[in-house]
Amino acid sequence: MEKLTVSLRSNGKVLELKNPVLTASGTFGYGTEFLPYGDLKSLGGMVLKGISLRPREGNPMPRIVETPCGMLNAVGLQNCGATAFLRDKLNPLPWQETPVIANLYADSLEEFAELAGLLAVDARIAALEVNISCPNVAKGGSLFGQDPAAAAAVTDAVVKRAGPKPVIVKLTPNVTDIVEIALACEGAGADMLSCINTVAGLAVDLNTRKLLPARVPAGLSGPAIKPVGLRCVWQVGRSVRIPIIGVGGIMSVEDVLEYMLVGASAVQVGTATFTRPDTAFALVRDLPAACAKYGIASWDELRGKAEAWG
């Protein structure tokens, strides 16, 4: 396939990608850490480390635990805060050629709105991704993304401050009905959805008899959750009209194409980066050959075309 470009369009807003491969927040740092492994200009987009209004130190060690076919993490969203992010982290990136997407973290509606307002006015940021897998302090620590009304309220607060910037809401799979949450976010004005965030889990050290990591439950990611991610994208894609970005266990170009078959318009590569820092760059490089191998002439003929048996 000659053209790998993807246009994510919704509510009059557009996010233009030169290819469907983006990086996932929490796995790609501030972007510059990966300059030794590939050309940032080659990526479809960069979703950077989650940003909060004020700096966060994150959780105590150990934060990351390897598991069969995956990884548990409880980093705790360590970051430099919005002011330092805007001052120090964006200029070194090729933001004029590769869309830079800021991932927002907050524990109140007011903080989400303030943070969105700060980031949305910066020309170097192409879109905002909202992490609703955050504890809602006003609700006793329950996650915004586990309640349709709370998810809609966060979405609405960010959309109102985002101006012309597309708002992507990242859904958690740790719910009874992810479609209900997706529809609530779409109804509140979300332009796109990322699907999914990590699956809740933990590990045990038999020798010390301690739970791992130090803060539990933690987030399971990697190939182990790919079937969950595919299921969620498929379910959500049949119910909403806005574009979906598939996330969860993507290691190969076949994984990319499978996510698009179930309804994703683009994907994010996360945990694979910990095993091979050049994974996202390699996927971009290998996509044309994979499209030729599977007879794919356009993304439109692939997206959402997976069929059930019978």
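Scope of this entry: the structure provided in the associated data block. Keep in mind it's a predicted model, so treat the numbers as computed, not measured.

What about the nonpolar core?
So, step 1. Counting residues in each nonpolar core, the largest one holds 92 residues, and the members touching the most others are Phe85, Leu128, Ile132, Leu171, Leu193 and Trp299.
So, step 2. Residue contributions to this core peak at seven residues, all from helix α8 (residues 279-293).
So, step 3. Residues contacting Trp299, with those up to four places away along its chain left out, are Met1, Lys3, Leu4, Thr5, Val6, Pro20, Leu257, Met260, Leu287 and Cys291.
So, step 4. The next biggest cluster of nonpolar side chains, apart from the first, holds six residues, and it includes Leu72, Ala74, Leu212 and Ala218.

Things to note about the pairing of strand β1 (residues 6-10)
So, step 1. What you see with β1 is a clean split: Val6, Leu8 and Ser10 sit on the buried side and Ser7 and Arg9 on the side with no burial.
So, step 2. Bridge count for β1 against strand β2 (residues 13-17) is five bridges, and the pairing is antiparallel. Bridged to Arg9 within β2 is Val14.
So, step 3. In textbook terms, the turn of a hairpin is the stretch between consecutive antiparallel strands, and for β1 and β2 this stretch comprises two residues, one of which, Asn11, has a positive phi near 55 degrees.

Observations concerning the packing of aromatic side chains
So, step 1. Applying the stated criterion across every chain, the model contains four aromatic pairs.
So, step 2. Aromatic pair Phe34 and Tyr37: ring centres 6.1 Å apart, planes at 55 degrees, arrangement tilted.
So, step 3. Judged by centre distance (5.6 Å) and plane angle (80 degrees), the rings of Phe112 and Phe144 are edge-to-face. Within this pair, whereas Phe112 is found in helix α2 (residues 109-120), its partner Phe144 is found in the loop between β10 (142-143) and α3 (148-162), the two being separated by 32 residues in sequence.
So, step 4. A connected cluster of aromatic rings, assembled from ring pairs, spans Phe28, Phe34 and Tyr37.
So, step 5. When the ring centre of Tyr30 is taken as origin, the NZ or CZ atom of Lys49, which lies over that ring, is 5.9 Å away.

A word on the layout of surface pockets
So, step 1. Its volume calculated, the second largest pocket comes out at about 230 Å³.
So, step 2. If you trace the second largest pocket, you find 16 residues lining it, with Ser7, Leu8, Ser265, Asp300 and Arg303 closest to the centre.
So, step 3. Considering each element in turn, the lining of the second largest pocket owes the most residues, three residues, to β1.
So, step 4. Each residue belonging to the lining of the second largest pocket can be placed in one class, and the counts come to seven nonpolar, six polar and three charged.

Topic: α3
So, step 1. Compared with the 21 Å implied by 1.5 Å per residue over 15 residues, the 21 Å span of α3 between its first and last C-alpha is a close match.
So, step 2. Within α3 the residues assigned to the buried category are Ala150, Ala151, Ala152, Val154, Thr155, Ala157, Val158 and Ala162.
So, step 3. Put simply, Asp147 is the residue that caps the front of α3, since its side-chain oxygen is 3.2 Å from the backbone nitrogen of Ala149.
So, step 4. In the stretch just after α3, Gly163 is the one whose phi turns positive, near 60 degrees.

How each quantity is defined
- Residues numbered from 1 in each chain as written.
- Predicted model: local features only at pLDDT ≥ 70, side-chain atom pairs only at ≥ 80, totals over all residues.
- Heavy atoms only, no water.
- Core = buried A, V, L, I, M, F, W, Y, C linked by side-chain atoms within 4.5 Å.
- Buried < 20%, exposed > 50% of the residue type's maximum accessible area, 1.4 Å probe, protein only.
- Helix = DSSP H or I, 4+ residues; strand = E, 2+ residues; numbered from the N terminus.
- Contact = heavy atoms within 4.5 Å.
- Pairing = 2+ DSSP bridges.
- Phe/Tyr/Trp six-rings, centres within 6.5 Å; stacked < 30°, edge-to-face > 60°.
- Lys NZ or Arg CZ within 6 Å of the ring centre and 35° of its normal.
- 1 Å grid on protein atoms, 1.4 Å probe; cavity = no way out; pocket = protein on both sides within 12 Å on 5 of 7 lines; lining within 4 Å.
- Points joined across faces, edges and corners; volume = space filled by probe spheres on them.
- Nonpolar A, V, L, I, M, F, W, Y, C, P; charged D, E, K, R; others polar.
- Expected span 1.5 Å × (residues − 1).
- Polar contact = N/O pair within 3.5 Å; in protein donor to acceptor, adjacent residues only side chain to side chain.

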